[in-house]
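# What the coordinates show
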Amino acid sequence: MTAAPRTLPGADLCVHCGFCLQACPTYLTLDDENDSPRGRIVLMKGLAAGTLSATDDAVGNHLDQCLGCRACETACPSGVPYGQLLEQTRAETATARPIGFLSRVVLATFAHPPLMAIAMAGARLLRALRITRLLARVPGRLGNLMATLEATRRGAAASYPPAPVTRARVAVLQGCVMEGLLAPVNRATERTLARNGYALCSAEGQQCCGALHAHAGDRETARALARANIAAFEQSGAAFVAVNSAGCGSAMKEYGHLLAGDAAWHDRAAAFGAQVRDVSELLAEAGPVPARGAAIKVAVDHPCHLMHGQRLSDPPARVLAAIGGIAATELPDAAQCCGSAGLYSLAQPALSQRILAPKLNGIGASGATIVATGNPGCMMHISAGLIRAGSDARALHPVELLDAAYATDHQADHQGGSR
Amino acid sequence: MDPLTGTLSAIVGATHVIARPSELIVYENDGLPGYHKLPRLFVAPGNREEAIAVVRALAASNAPFVARGAGTGLSAGSLADGIVMVGMQRMRRIIELDPVARFATVEPGVVNANLTKAAAPHGLHYAPDPSSQTACTIGGNVAENAGGPHCLKYGVTMNHILAATVVLPDGEVVRLEAPRDDEIGIDLLGAFVGSEGCFGIAVDVTVKLTPNPARICTMLADFMTVDGAAEAVSAIIAAGIVPAALELIDAGTIAAVEASIYAAGYPTDAAAALIVEVDGPIAGLDEDVAAVGRICRAAGARTVRSATDAAERARLWQGRKKAFGAMGRMSPNLVVQDAVVPRTKLAPVLRAIAEISARYRVTVCNVFHAGDGNLHPNIPYNASDPDEAARVHEACDEIMALCIAEGGTITGEHGVGLDKLPYMDALFTPDSLDAMCRLRSAFDPARRANPGKVVPIHRCKEWLAAPGVEA
Amino acid sequence: MTARPASTDELATLVRDAHARGAALRFEGSGRWSDGRSPATRISPNAKRVSLAALSGVVSYVPNDFTLTVRAGTTLAELDAITAPNNQWCPLLSWGDDHGTVGATFATATAGPCSEALGRPRDIALGLEFVDGTGTVIRAGGHVVKNVAGFDLTRLMVGSFGSLGAITEVSVRLRARPTADVTWSVTADGPNAREQLSRIRRGTITPLACDVLSDEVARELGVPALSALVRFGGNAALIAAARAEVSTIGTIHVLDASVWTRYRSLDPHPRRLDARPLDGAVAGRIKERFDPAGIMNPGVFGERA
């Protein structure tokens, strides 16, 4: 069964040069061009032209196996908008090839705040009861899930006073997983921004960013969530929307593209997208204010949606460079996906682990105790891998490290007297 | 089901044999879009033993095949038209790297740039650097005798291959080594390098590693006329300077690159720019740098600047090396030519190419290894417009005829493959083409390795004499 | 009696005739390669001698292209004289002497002391014309410095010792002669002297040549024992730096460049003749296809003629 031909804008930019191959984690893992950007573009063009069928499982699997990490975009000389091609293809083949049951449950939960609240509370309970720690190393999916939850455990954070306001008004995206399981990262985000002179305000009514829905092909839900967020942040009066989750930030910067066909919303979406900043961009813009902090060895990993999606690698480096105690080195495969990729670790658990394996080896070889990465999925996936490998190293957000350094400095300056 | 599927699956495992047409289409072409040939089967051996077993199985069932590295070739040379494609991408181990004796032995699927990355901690690199080096494989480089910008000083692939273990199409495994100065022998390795997959499959390759130069100076000179840039190229070479690389990019190419993610800061208002790199020991290099600057200015360069740090140098090179890809944004299709002319003919040939492109109303973007006289006139076009496609085709024929008439050749580094096959008759006599066929048939008497490529079949007397063959 | 064809066509006619009759041919350039160590001594004694010396002279030379096409009988001395006025050279500098011919040098792939730095015959040949064992005239490669059109008959012919065909014309890559070109003997002492001297080869400035001499050769050349014969080329600043670096390894004595002529004539690295190149399946099939009657220098590779 083949559908009527559709257009796939941007696919024709591909000249088949193959420069994307070595950037693609699934190609490097599976050694098949069907699992490479160049190959998937051929498949997507075939689906669009109607020469391939969306019900062809082989084709569908190759597209499902794409992480959506967009590392290929950073390697592509002719500027193929790969991420957009993939989202469009997944949306347009969603009827013929429905989203998997587990993924649908998760997506529905993310789109409904009350359900999300219940899920997050349940997860926090498991964590508080230390069931996650107990089961983190049992084999299989349960152990993986428990390790992933255990990876969100954080100690108590110390506080320090903000600086006088000298910069713009900023509203922080609270996010779903961030606020639900990694609330300390949100608090660290707020404290570090305030320490750097930003005025914080809240955006009532904000929701899930919709990135996962768009990636999975459920663009309608993604658009509904986008409209809700645009409205919420508009009425907050913030000049910037600060995002500490690379995946969310990447999606929100592209709301203009998501709502391109919506005459009533397109301009608002584009304007909103222009206000979105990764937290590291705002901190780097302000310096950030330097800190001494404790001496630690940090391995740096780049979240795909920061490096490839938003083309940002310098701002997070500047955040870490502001911390005097940190000795930071980039992981050898820092530009390559860790295998988390939104729902990917749920939908493709085995492949996700194969893709993570070389990164875990790199972390071990680096001798670092901390991996800095600015995305909740990556933090959880990498930490879970480390926990299951019996390593003591953990992945943290760069703002957590900056926050801790400010707190340490503050404590030292106020107990031992200022230097 | 294809009877070979089971045989090959038993060797390499079912996941590495592809038989479904919907999955074979990704292997329909190489780096030159415009040619599409669906393979009969795709098989990817994971190591030397599997590769040998695969070739033997194909020999046993008399099945023709084509080996393929990363599919970045620009001559449609690795297309498998209804025959078996042997993908080498799984064989990507560096078997041995000896920093003292300065060689490495690698599997054929090792990516060119990854070999240099592995050699870097020892202050060494693998010198041939095709623009596709971040993707192309050593095996593919050997098949095509690949070049690259730095081949001007360091030589092409052939000059850097020390040995190869080859499984011949009939399944025999032979060891080919570069002849030693104190021995005698037929240079079968020299004949094998550049044989475009028609002589067998290399299962390991031993390459020279080259010490990194102590100092590298990369200069960018921009010109308001293409003639001026071409003149500077000739003058630099005539002055006896051997730059590590000497590349020319014209206005059309600059525009494409500057619009891409690899924007390098090339001046968009210039008619042409030269990238001139000189390298070597620190002593004596300043003199060469100064001489290059003087020569460029004398030839009319508006500005000559040197990259101030490694990052800027990398940027200048990335722009050049990704130029073909960057042209993708101009039109859906791209013709990539690869002719060579004597260096002193560069200026008149470029003028003639401009005249041809105007006459056929096509856009020619030139980006090429000027120091070698190795032209890459690229023509972005829309293949779905039959009129434009026809004009592009005719312009190409005329450009090729021009380069041959000027004493040049039809391909300097991309190989003949399918794409340049029609020009072979214009370049070589029937007797010379037949001699090539004879060489090929010594490696592959049954003509099962990459059939239909490189030499037009109507020029092969022995083959035509075989029973049941039609030209 | 030795045949001396004056043109490629004459040679082709001669070979065609020999092919038809199955008559063996023995090709030579200047006729000087028959000393006891040469593979030529193994060529069937019944073979008719064919000298290619008359096929000489420049076919084309555009100095600024840095390429040159000459007929095979041109001597290395003539080649040097042709290119010198333009400050160019074809740096074969092969073992033997400059009366040897270009055709023989490529047919035998004879290297020399500068080959590591400046290229071997297989690196220097851009293309050639030859007459195969059926008397067919074949053009391989081209005249430009980069060329991958078709299968590489040039590399096949270089070093094939006339067993597949007789080379009639060669196109070569030229280089600019270095502005400064110095020759030194460098002397060291101590138990590791030889090893120490060989480090010159791996210095930051690569020499054009660096051979650590055997005592016998050193004596012949009249240089001290435990010497390396070293040559550097480049601009003055480079040579000065090389001198500074080499003087940390040993004592430098400046020599006249003519020492290379004497050194090359000593040929300290004679060919080993134990290999049987045509025994391999591929080479054997090549021989069958280029010299089906087995008339081209039969026996030169030690095969049964």
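Residues numbered from 1 in each chain as written. Chains lettered and ligands numbered in written order. Predicted model: local features only at pLDDT ≥ 70, side-chain atom pairs only at ≥ 80, totals over all residues.

### Focus: the overall build of chain A
In terms of regular secondary structure, chain A is built from 23 helices and eight strands. On C-alpha atoms alone, chain A measures out to a radius of gyration of 21 Å, which is about the 22 Å that the 2.2 N^0.38 rule sets for 419 residues. Along the longest, intermediate and shortest principal axes, the C-alpha atoms of chain A span 75 × 50 × 45 Å. Of all 419 residues assigned to chain A, the portion counted as buried reaches 54%. (Helix = DSSP H or I, 4+ residues; strand = E, 2+ residues; numbered from the N terminus. Rg over C-alpha atoms; globule rule 2.2 N^0.38 Å. Buried ≥ 20, exposed ≤ 12 C-beta atoms within 10 Å, placed from the backbone.)

### Notes on the overall build of chain B
Summing up its helical and strand segments, chain B has 17 helices and 18 strands in all. Taking 2.2 N^0.38 as the reference for a compact globule, 471 residues should give roughly 23 Å; the C-alpha atoms of chain B span a radius of gyration of 22 Å, in line with that estimate. Along the first, second and third principal axes, the C-alpha atoms of chain B reach 65 × 60 × 45 Å. In chain B, buried positions account for 59% of the 471 residues. Residue pairs in contact within chain B that sit at least 24 positions apart in sequence constitute 71% of those at least 6 positions apart. (Contact = placed C-beta atoms within 7 Å.)

### Regarding the interface of chain C and chain B
Listed as interface residues are 61 residues of chain C and, on the opposing side, 64 residues of chain B. Broken down by secondary-structure element, the contributors of at least two residues to the side of chain C that touches chain B are helix 5 (121–124), strand 7 (137–141), helix 6 (153–157), helix 9 (236–246) and helix 11 (281–290) of chain C. Counting residues per element, the side of chain C that touches chain B draws most heavily on helix 11 of chain C, at seven residues. Of the residues that constitute the side of chain C that touches chain B, the class distribution is 33 nonpolar, 16 polar and 12 charged. (Nonpolar A, V, L, I, M, F, W, Y, C, P; charged D, E, K, R; others polar.)

### As for the domain arrangement of chain A
Residues and elements named next belong to chain A. Assigned domains of chain A: these are domain 1 (11–92) and domain 2 (288–412). Contact residues are listed per partner, giving 12 residues for domain 1 and 15 residues for domain 2. Sorting the residues of the side of domain 1 that touches domain 2 by element identifies helix 1 (25–30) and helix 4 (71–75) as the ones contributing at least two each. Top element by residues in the side of domain 1 that touches domain 2 is helix 4. It accounts for three residues. Class assignment of the residues belonging to the side of domain 1 that touches domain 2 gives a composition of four nonpolar, five polar and three charged. (Domains from an automatic or database assignment.)

### Looking at the interface of chain B and chain A
If you look at the interface, chain B gives 31 residues, while chain A gives 26 residues. Of all elements in the fold, only helix 2 (21–24) and helix 12 (323–326) of chain B reach the threshold of two or more residues within the side of chain B that touches chain A. For the side of chain B that touches chain A, the element with the most residues is helix 12 of chain B, which contributes three residues. Across the side of chain B that touches chain A, the residue classes break down as 15 nonpolar, 11 polar and five charged.

### Some thoughts on the packing of helix 13 (residues 219–236) of chain A against helix 16 (residues 266–275) of chain A
Axes are the key here: two packed helices are described by the angle between their axes and the distance separating the axes. Residues and elements named next belong to chain A. Packing of helix 13 against helix 16 leaves a shortest axis separation of 10 Å and a crossing angle of 65 degrees. Of the two possible hands of crossing, helix 13 and helix 16 adopt the one that is left-handed. Note on element contacts: helix 16 touches helix 13 through Arg268, Ala269 and Phe272, opposite Ala226, Ile230 and Phe233. Tallied by class, residues from the contact of helix 13 with helix 16 come to five nonpolar, no polar and one charged. (Axes fitted to C-alpha atoms, helices over the stretch in contact; angles between N-to-C directions. Left-handed = near helix turned anticlockwise from the far one by under 90°.)

### Some details on the packing of helix 16 (residues 430–443) of chain B against helix 11 of chain C
Packing of helix 16 of chain B against helix 11 of chain C brings their axes to within 8 Å, and their N-to-C directions diverge by 150 degrees. For the element pair helix 16 of chain B / helix 11 of chain C, the angle class is roughly antiparallel. As for the relative orientation of helix 16 of chain B and helix 11 of chain C, their crossing is right-handed in sense. Facing Arg438, Leu439, Ser441, Ala442 and Phe443 of chain B of helix 16 of chain B, the residues of helix 11 of chain C in contact are Val282, Arg285, Ile286, Arg289 and Phe290 of chain C. Looking at the contact of helix 16 of chain B with helix 11 of chain C residue by residue, the classes come out as six nonpolar, one polar and three charged. (Parallel < 35°, antiparallel > 145°, perpendicular 65-115°, else oblique.)

### Details of unusual backbone geometry
Along the chain, Gly287 of chain A connects to Pro288 of chain A via a cis peptide bond; the corresponding omega equals -15 degrees. Tracing the chain through its elements places Pro288 of chain A in the loop between helix 17 (279–286) and strand 5 (296–300). With a phi angle near 55 degrees, Asn62 of chain B is a residue other than glycine that sits in the positive phi range. You can see Asn62 of chain B is positioned in the loop between helix 3 (48–60) and strand 3 (65–68). A tally of 8 C-beta atoms within 10 Å means that Asn62 of chain B is categorised as exposed. One non-glycine residue, Val454 of chain B, lies in the positive phi region at around 70 degrees. Structurally, the position occupied by Val454 of chain B is in the loop between helix 16 and helix 17 (461–465).

### Topic: the nonpolar core
Of all hydrophobic cores here, the largest spans 374 residues; its most connected members are Ala242 of chain A together with Val233 and Leu274 of chain B. Apart from the residues within four sequence positions on either side, Val233 of chain B is in contact with Leu246, Leu248, Leu274, Arg343, Leu346, Ala370 and Gly371 of chain B. (Core = buried A, V, L, I, M, F, W, Y, C linked by C-beta atoms within 7 Å.)

### Considering the sheet that holds strand 11 (residues 209–212) of chain C
All names here are of chain C. Overall, antiparallel pairing links the four strands, which are arranged 11-12-10-13 in an open sheet. Either end of the sheet is taken by a strand with one partner, and the two such strands are strand 11 and strand 13 (251–255). Adjacent strand axes in the sheet meet at a mean angle of 25 degrees, parallel and antiparallel pairs treated alike. Alignment of strand 11 against strand 12 (residues 227–234), held across four bridges, turns out to be antiparallel. Bridge assignment links Asp211 to a residue of strand 12, and that residue is Leu229. (Pairing = 2+ DSSP bridges.)

### Some remarks on helix 19 (residues 314–321) of chain A
Along helix 19 of chain A, the residues classified as buried are Pro315, Pro316 and Val319 of chain A. Down the axis of helix 19 of chain A, the sector holding all buried residues measures 100 degrees, keeping them to one side. (Arc of directions from axis to C-beta.)

### So, the sheet that holds strand 3 of chain B
Residue and element names in this part refer to chain B. With mixed pairing, four strands are arranged side by side in an open sheet as 1-2-4-3. Each edge of the open sheet carries a strand with a single partner, namely strand 1 (17–18) and strand 3. Taken together, the two bridges between strand 1 and strand 2 (residues 41–43) define a ladder with antiparallel strand orientation. Its bridge partner lying in strand 2, Ile18 is registered against Phe42. Each of strand 1, strand 2 and strand 4 (84–87) touches helix 1 (residues 3–12); the most contacted strand, strand 2, lies at about 10 degrees to it.

### Focus on the arrangement of the chains
The assembly contains two pairs of chains in contact; the pair sharing the most contacts is chains B and C. At no point do chain A and chain C touch; the closest pair of C-alpha atoms across them sits 21 Å apart.

### Examining the environment of Gln348 of chain A
All names here are of chain A. For Gln348, the position within the fold is in the loop between helix 20 (344–347) and helix 21 (349–366). By C-beta crowding, Gln348 is classed as buried, having 20 other C-beta atoms within 10 Å. Sequence-wise, Gln348 and Leu129 are 219 residues apart; in three dimensions their C-alpha atoms are separated by 28 Å.

### Thoughts on the pairing of strand 4 of chain B
All names here are of chain B. Burial along strand 4 is two-sided: the residues Val84 and Val86 and Met85 and Gly87 are all buried. Relative to strand 4, strand 2 runs parallel, the two being bridged by three bridges. Paired with Leu41 across the two strands is Val84, which belongs to strand 4. Note: strand 3 against strand 4, four bridges, orientation parallel. For Phe65, the partnering residue across the bridge sits in strand 4 and is Val84.

### A closer look at the environment of Glu150 of chain A
Summarising the element assignment, Glu150 of chain A is placed in helix 9 (residues 140–150). Taking C-alpha positions, Glu150 of chain A is 9.5 Å from Arg124 of chain A, a pair spaced 26 residues apart along the chain.

### Brief notes about the environment of Ala466 of chain B
One can find Ala466 of chain B in the segment after helix 17. Put simply, Ala466 of chain B and Asp419 of chain B are 47 residues apart on the chain and 26 Å apart in space, counted from C-alpha to C-alpha.

### Focus on helix 3 (residues 57–64) of chain A
Of the residues making up helix 3 of chain A, those classed as buried are Val59, His62 and Leu63 of chain A. Projected onto a plane normal to the axis of helix 3 of chain A, the buried residues spread over an arc of 100 degrees and lie on a single side. In this fold, the buried residues of helix 3 of chain A make contact with helix 2 (37–49) and helix 5 (82–92) of chain A together with helix 2 of chain B.

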